[in-house]
Amino acid sequence: MQVSRRNFLKWSGISGTLAATTSFSKTVLPEKQEEFVGFCPVNCGSKCLLKAHTKDGIISHITTDNTGNDSYEQRQVRACLRGRSTRYRIYNPNRVLYPLKRVGKRGEGKFKRVSWDEALTDIANKMNEIKLKYGNEAFYNPYGTGTIGSIMAGWLDGSFHRLLGVYGGYLGYHNDYSTGQIANGLEHFYGWAWGGDIENVKHAKLAVMFGSNPVETRMGGASTGYSFQEMARRGNTKVICIDPRYSDTMVGVADEWIPIAPGTDAALIAALAYVMVKEDLYNKEFMDKYCVGFTRDTLPEGAPSNGSYMDYIMGTGDDKTPKTPEWASKITQISSDRIVKLAREIASAEPCYIDQGWGPQRHQNGEQQSRAIATLACLTGNVGILGGGTGARSGSSKSYSLGSLSVNNPVKTTIPCFMWYEGIRLGSKMSALEHGVRGASHLKVPIKVMINTAGNCLTNQHACVSEISKILEDESLYELIVDINITRTHSNSFADYILPSAMVFEQEDLLQASMGKCSTMPYLAIGEKAIEPQGEAKSAFDICTLLAEKLGGKELKDKFTDGKTWEDWMRWSWNVAKDKNPFLPSYDEIKRRKIWKSPELVEPLVVFKDFREDPNANPLNTPSGKIEIFSSTLYDMSKTWKLMPGQKINPLPVFEDVIMGARDPLRKKYPLQFFGYHYKGRTHSSFWDAGVIREINPQEILINTLDAKQRGIKTGDTVIVRNDIGKIKGVARVTSRIIPGTAATYQGGWAKFDENGVDVGCCVNTLTTNQPTAIAKANGVHSILVEIEKA
Amino acid sequence: MKKSDQFGFMINQSRCIGCRTCQMACKDYQDSPIGVNFRRVYEYEGGDFTVDENNVIHSQSVYAYYTTISCNHCMDPACLKACPTGAMMKTRYGIVMVNDKRCVGCQACAMACPYGSPQFNKHTGHMNKCDGCIDRLDEGKDPVCVSSCPFRALDYGDINELRDKYKTSLASCSPLPSETATLPNLAIVPEKNTKPSYEKSGKMHLPHKYQGVEDDIL
């Protein structure tokens, strides 16, 4: 891999590339089919069907689902451009083809080819040595979502988790990089974090989307984006997007864009509540009956007497500040007139669908932001009714769960997934009250082994790439880093071994619709093997079977496989779903039919319908059984948890100033707020490896026309975005589609540092802080301040 | 479609969210190298903010919409008239195609076409362009781009039938030229903000090849 791949890329058309890679394909499959069903296995929030068309054992092109009449009720699960780029990823000059072993210092990115036997023997010896010295809590399999299937899954419940489980266990994690703050915030609000199906939009008079952009984040043809567009159209629903960006959800159906400063949604909500209270527009009956802590009357025992949300908004709370529209307008950049009008509009629309994406919560004050938006849904009495919603992100109406490989993990301690770097830096000093460890008060031992599968979260998708790189480079800390991937990434530059993974169409698997939790048309499918794996790539299952034998002989191998072949596991996995849902076709039938779609749409899910109908018989999973505007759990935590300077835990969903937020004094030096967001050309950092995607949807730095003018920047200029944490270099796109005072880039660009330490790969996390958020200990990486100048 | 029909595309701007799946599907199916894109998605955006000294926004008029364009298989194709060798021809279904054997790669057609449709392929030395997936049409299949669209913003067919079906006779808008230039076989369903051709309030954005796509990734 030290050889420049540039020559590979100087192709004479794709066929040139295919010719170059054909030599790696060993055999043509015996059964000479021409069309194979597969799917797109990455974590975008859709999950779409693909078809590989082969000729002489080589994929010639990819198409997608073309079954049925494509009515909305039987819509085709059409893959977006990412899924359709699969051929370019399989036959990719950057593909890892052989096991690689690090030569030179860790992080230098120098590797040599070794045999599978050598790699696995070395890895197993090292693992056994560390297990003897530290025990099983020293093993960690970080978050990574480049491959999510049923058996081939690279993350939760995949082969590596099973292997580590039978090996004696591993340190687990809770939270994820997408939803840490909202999951923890709403757990202390509703007891869970999801909203109803986005099809509720059809039944709403008004839909208000807070940082919610389904058409870009869940773009696949059967998923949320298409449902949103179709339902808003059919219901003739007015749609307002409250977002720092004029996102593509605005294009087509949405009616109005209200630009808002990033990370200030909670301030807007406080002012909306203020207007609704002043003008008696809120649903008093709902608040009294279903919620605690909105007024002093409903505060739980032990709460401060002036600790209600009403006290907070009316200025009778501790900060003595009424949350007037004028107060909020200076924070949010939304005019007070518009705030007043919006409060009246939302309060008078019955029902009103209120939805939040995961952007507002990916800030340092994300827990509060997510709870504040949910509070708005309560204030207007929209929880538990068709066309309303909880104010959380839209969820799934129905999915059929296939079986997954995992076994019980004997180690019960978990850490927040964002905090693995503290697992080595602090080791046994890492605690529950300071770092969010669960299942134990402290870690027993530091993490020593990282087995990173299908993920780029070691550096690129984490935060503060430079700080994390230094930790990884230190060979005395992590003693073994193994990376299993289809391609070289910035993360696996820090690996000791890189093992080549087989891709979709190179192995069989089962598909379960949409991890993105939105579907009224559940579907299941089979992923067929169309070609032999490139080079010496192997499936995760096969790698783990071989590694199990090296680690513990035949006994551990049998424990891992449970005596089952891959096919046995597929059948078992399918039957887990079929046993619960007998109307599903048999395994043999799905092998023949390949795709199963629910014959009719399931009813759109309305969350908390039962609770709304009878709150006493159907209490929520919170300490009071009601919606906790004032959370007594958080109140207790605010007194016991040890926090970082400037951080607070507040039992109410208040607006908080945070580091690198809209009102940080640092803004004098770095005047622009900055954030990264999901981009159509990629899923997180997956697909960057496909050159065609970078051609069609290139990385850009969005800067507002007014800010660009002040800095003399034009579209196409190379610019540097900098702060005290790092510098990224990229191409400016001057646009009015982002609020003045804010700039952004697409998350997931691959960090690539030049000799001056400038990241020319334009990875947003080069600029982000490693500081975890107060409650969830999650990545508040949208809180960034920068200055931008021409390079 | 009958071979005597006139092929055309329908683009529904009120559904298109600019994902560029059509572009990728076409690229993969037609095996186009980097630099050759039969289909391209133009973004058109404009509008302004009124901001006070506290950065509070008192009004804004921001808008954006997408136009996905390949070849419009025009009634009066500028490319065909410009071609000095007769390589550019109008064939069955009224589809405009390049005859590889005759094309010398002079790029006169590319210069003449106001839609950027003919594209020079430096690897083969001649012009490439959308052929409406003519072989698929012969088999009764949809063009690849049409059947790829996750938001169902594309359709094709006999142009008169398309215009009836989608109740639109619109064939020009910004950033496209006026239809009078080449009589494109295009049926546009406008977005709420769609502006007429030559309207100057907005600007066109066509993101292409900003970054070294042919470079090593690490």
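Look a little higher up for the structure.
No experiment lies behind these values; they were computed from the predicted model shown.

### Regarding the overall build of chain A
For step 1, the next point in the chain: Scanning chain A from terminus to terminus reveals 25 helices and 26 strands.
For step 2, the next point in the chain: For 791 residues, the compact-globule estimate of 2.2 N^0.38 gives 28 Å, and the C-alpha radius of gyration of chain A, at 26 Å, lies within 12% of that figure.
For step 3, the next point in the chain: When its C-alpha atoms are laid out on the principal axes, chain A stretches across 75 × 55 × 55 Å.
For step 4, the next point in the chain: The buried share of chain A, taken over its 791 residues, is 69%.

### Notes on empty space enclosed by the protein
For step 1, the next point in the chain: All chains considered together, the criterion is met by 14 cavities of 30 Å³ or more.
For step 2, the next point in the chain: Around the largest cavity sit 50 residues that line it, and Thr145, Gly146, His684, Ser685 and Ser686 of chain A are the ones nearest its centre.
For step 3, the next point in the chain: Counting only elements with at least two residues in the lining of the largest cavity, the list comes to β15 (480-485) and β21 (672-677) of chain A.
For step 4, the next point in the chain: Considered class by class, the residues forming the lining of the largest cavity number 21 nonpolar, 26 polar and three charged.
For step 5, the next point in the chain: Estimated volume of the second largest cavity: approximately 190 Å³.
For step 6, the next point in the chain: Lining the second largest cavity are 19 residues, with Tyr677, Arg733 and Tyr746 of chain A together with Glu43 and Tyr66 of chain B positioned closest to its centre.
For step 7, the next point in the chain: For the lining of the second largest cavity, the residue count by class is eight nonpolar, two polar and nine charged.
For step 8, the next point in the chain: Three or more residues apiece are contributed to the lining of the second largest cavity by two domains, here domain 3 (181-397 + 606-640) and domain 4 (665-790) of chain A.

### Let's talk about the environment of Trp569 of chain A
All names here are of chain A.
For step 1, the next point in the chain: Of note, Trp569 is situated in helix α20 (residues 566-580).
For step 2, the next point in the chain: For Trp569, a relative accessible area of 3% corresponds to the buried category.
For step 3, the next point in the chain: Between the alpha carbons of Trp569 and Gly135 there is a distance of 30 Å; along the sequence they are 434 residues apart.

### Let's talk about the interface of chain A and chain B
How big an interface is tends to be expressed through the accessible area that disappears when the partners come together.
For step 1, the next point in the chain: Each side of the interface is counted separately: chain A has 85 residues, and chain B has 65 residues.
For step 2, the next point in the chain: Approximately 6,200 Å² of surface area, both sides summed, lies buried where chain A meets chain B, with 53% of it carried by carbon and sulfur atoms.
For step 3, the next point in the chain: Our count for the contact surface shared by chain A and chain B stands at eight salt bridges.
For step 4, the next point in the chain: Of the charged contacts in the structure, one is a salt bridge between Arg152 of chain B and Asp70 of chain A, with a shortest N-O distance of 2.7 Å.
For step 5, the next point in the chain: Connecting chain A to chain B are 35 residue pairs in polar contact (both at pLDDT 80 or more).

### What to know about the packing of aromatic side chains
All names here are of chain A.
For step 1, the next point in the chain: Inspection of every chain in the model, using the stated rule, returns 36 aromatic pairs over all chains.
For step 2, the next point in the chain: On the numbers, 4.8 Å between centres and 85° between planes, the contact of Phe189 with Tyr190 is edge-to-face. The pair Phe189 / Tyr190 is uniform in exposure class, with both members buried.
For step 3, the next point in the chain: Between the aromatic rings of Tyr290 and Phe611, the centroid separation amounts to 5.3 Å while the plane-to-plane angle is 65°, which identifies the pairing as edge-to-face. Remark: Phe611 occurs in helix α22 (residues 609-613) and Tyr290 occurs in helix α11 (residues 284-290); sequence separation between them is 321 residues.
For step 4, the next point in the chain: We classify Tyr290 as buried; its relative accessible area is 6%.
For step 5, the next point in the chain: Classification of Phe611 as buried rests on a relative accessible area of 3%.
For step 6, the next point in the chain: One cation-aromatic arrangement involves Arg113 over Tyr98; the distance from NZ or CZ to the ring centre is 3.5 Å.
For step 7, the next point in the chain: Above the face of the Trp327 ring, Lys323 is positioned so that its terminal group lies 5.6 Å from the ring centre.

### Observations regarding unusual backbone geometry
For step 1, the next point in the chain: For the bond running from Glu350 of chain A to Pro351 of chain A, omega is -10°, close enough to zero to count as cis.
For step 2, the next point in the chain: Its place among the elements puts Pro351 of chain A in the loop between α14 (336-348) and β12 (352-356).
For step 3, the next point in the chain: Here the residue pair Ser174 of chain B and Pro175 of chain B is connected by a cis peptide bond, since its omega of 5° sits within 30 degrees of zero.
For step 4, the next point in the chain: Tracing the backbone shows Pro175 of chain B in the loop between α6 (159-165) and β11 (186-189).
For step 5, the next point in the chain: A positive phi angle, near 70°, is found at Asn175 of chain A, a position not held by glycine.
For step 6, the next point in the chain: Here Asn175 of chain A shows up in the loop between β7 (172-174) and α7 (180-187).
For step 7, the next point in the chain: The phi dihedral of Lys777 of chain A is positive, around 55°, even though this residue is not glycine.
For step 8, the next point in the chain: As for its position among the elements, Lys777 of chain A is in the loop between β25 (742-746) and β26 (784-790).
For step 9, the next point in the chain: Here Lys777 of chain A falls in the buried class, since its relative accessible area comes to 2%.

### A closer look at the side chain of Lys777 of chain A
All names here are of chain A.
For step 1, the next point in the chain: Here Lys777 occupies a buried position and makes no salt bridge, while the nearest side chain of opposite charge, Glu367, is found at 7.6 Å.
For step 2, the next point in the chain: A distance of 3.5 Å separates a polar atom in the side chain of Lys777 from the backbone oxygen of Glu434.
For step 3, the next point in the chain: Setting aside residues up to four positions removed in sequence, Lys777 forms contacts with Glu367, Pro416, Phe418, Met419, Glu434, His435, Gly436, Trp641, Lys642, Leu643 and Pro772.

### Here's the deal with the sheet that holds strand β1 (residues 7-12) of chain B
All names here are of chain B.
For step 1, the next point in the chain: One open sheet holds the three strands; their spatial order is β10-β1-β11, and the pairing between them is mixed. This sheet does not close on itself; its edge strands, each paired only once, are β10 (154-158) and β11. If you compare each strand with its neighbour and ignore which way they point, the axes differ by 20° on average.
For step 2, the next point in the chain: One ladder, built from four bridges, connects β1 with β11; its direction is parallel. When the sheet's bridge partners are listed, Met10 is paired in β11 with Ala187.

### Digging into the pairing of strand β14 (residues 449-453) of chain A
Residue and element names in this part refer to chain A.
For step 1, the next point in the chain: By the criterion of burial, β14 is predominantly enclosed, with five of the five residues buried.
For step 2, the next point in the chain: Where β14 and β15 come together, five bridges link them in parallel fashion. For Ile451, the partnering residue across the bridge sits in β15 and is Val482.
For step 3, the next point in the chain: For the crossover that starts at β14, traverses helix α18 (residues 465-473) and ends in the parallel β15, the hand is right-handed.

### Examining the pairing of strand β2 (residues 49-55) of chain A
Residue and element names in this part refer to chain A.
For step 1, the next point in the chain: Across the seven residues of β2, six count as buried, placing the element largely inside the fold.
For step 2, the next point in the chain: Pairing of strand β1 (residues 35-39) with β2 involves five bridges; the strand directions are antiparallel. Among the inter-strand pairings, Gly38 is bridged to a residue of β2, identified as Leu50.
For step 3, the next point in the chain: As paired elements, β2 and strand β3 (residues 58-64) share six bridges and run antiparallel to each other. Each bridged residue has a counterpart across the sheet, and for Lys55 the counterpart in β3 is Ile58.

### Focus: helix α23 (residues 632-640) of chain A
Think of an α-helix as 3.6 residues a turn; residues three or four steps apart then line up on the same face.
Residue and element names in this part refer to chain A.
For step 1, the next point in the chain: Residues Leu634, Tyr635 and Met637 constitute the buried set of α23. With its buried residues spanning 160° around the axis, α23 presents them on a single face.
For step 2, the next point in the chain: Packing partners of the buried residues in α23 comprise α15 (366-379).

### A closer look at the environment of Tyr246 of chain A
For step 1, the next point in the chain: Among the structural elements, Tyr246 of chain A can be located in the loop between β9 (238-243) and β10 (256-259).
For step 2, the next point in the chain: Considered as a pair, Tyr246 of chain A and Ile739 of chain A are 493 residues apart in the sequence and their alpha carbons are 8.3 Å apart.
For step 3, the next point in the chain: Not counting residues up to four positions away in its chain, the partners in contact with Tyr246 of chain A are Val251, Trp257 and Arg737 of chain A together with Val62, Tyr63, Ala64 and Asn193 of chain B.

### Overview of the pattern of salt bridges
For step 1, the next point in the chain: Under the criterion given, the structure shown has 60 salt bridges over all chains.
For step 2, the next point in the chain: Put simply, Asp288 of chain A and Lys284 of chain A hold a salt bridge, and the shortest N to O gap is 3.2 Å. A residue pair is termed a helical-turn pair when its members lie 3 or 4 positions apart in one helix, as Asp288 of chain A and Lys284 of chain A do in helix α11 at four residues.
For step 3, the next point in the chain: Using a relative accessible area of 46% as the deciding quantity, one classes Lys284 of chain A as partly exposed.
For step 4, the next point in the chain: Of the charged contacts, one joins Glu139 of chain B and Lys141 of chain B as a salt bridge, the two residues approaching to 3.2 Å between their closest N and O atoms.
For step 5, the next point in the chain: Because the salt bridges share partners, they merge into one network encompassing Glu216, Arg245, Asp248, Lys680, Arg733 and Arg737 of chain A together with Glu43 and Glu45 of chain B.

Cut-offs and rules
- Residues numbered from 1 in each chain as written.
- Chains lettered and ligands numbered in written order.
- Predicted model: local features only at pLDDT ≥ 70, side-chain atom pairs only at ≥ 80, totals over all residues.
- Heavy atoms only, no water.
- Helix = DSSP H or I, 4+ residues; strand = E, 2+ residues; numbered from the N terminus.
- Rg over C-alpha atoms; globule rule 2.2 N^0.38 Å.
- Buried < 20%, exposed > 50% of the residue type's maximum accessible area, 1.4 Å probe, protein only.
- 1 Å grid on protein atoms, 1.4 Å probe; cavity = no way out; pocket = protein on both sides within 12 Å on 5 of 7 lines; lining within 4 Å.
- Points joined across faces, edges and corners; volume = space filled by probe spheres on them.
- Nonpolar A, V, L, I, M, F, W, Y, C, P; charged D, E, K, R; others polar.
- Domains from an automatic or database assignment.
- Contact = heavy atoms within 4.5 Å.
- Buried area = accessible area lost by both parts, 1.4 Å probe.
- Salt bridge = Lys/Arg side-chain N within 4 Å of Asp/Glu carboxyl O.
- Polar contact = N/O pair within 3.5 Å; in protein donor to acceptor, adjacent residues only side chain to side chain.
- Phe/Tyr/Trp six-rings, centres within 6.5 Å; stacked < 30°, edge-to-face > 60°.
- Lys NZ or Arg CZ within 6 Å of the ring centre and 35° of its normal.
- Lys, Arg positive; Asp, Glu negative; His and termini not counted.
- Pairing = 2+ DSSP bridges.
- Axes fitted to C-alpha atoms, helices over the stretch in contact; angles between N-to-C directions.
- Right-handed = clockwise from strand over helix to strand, strands pointing away.
- Arc of directions from axis to C-beta.

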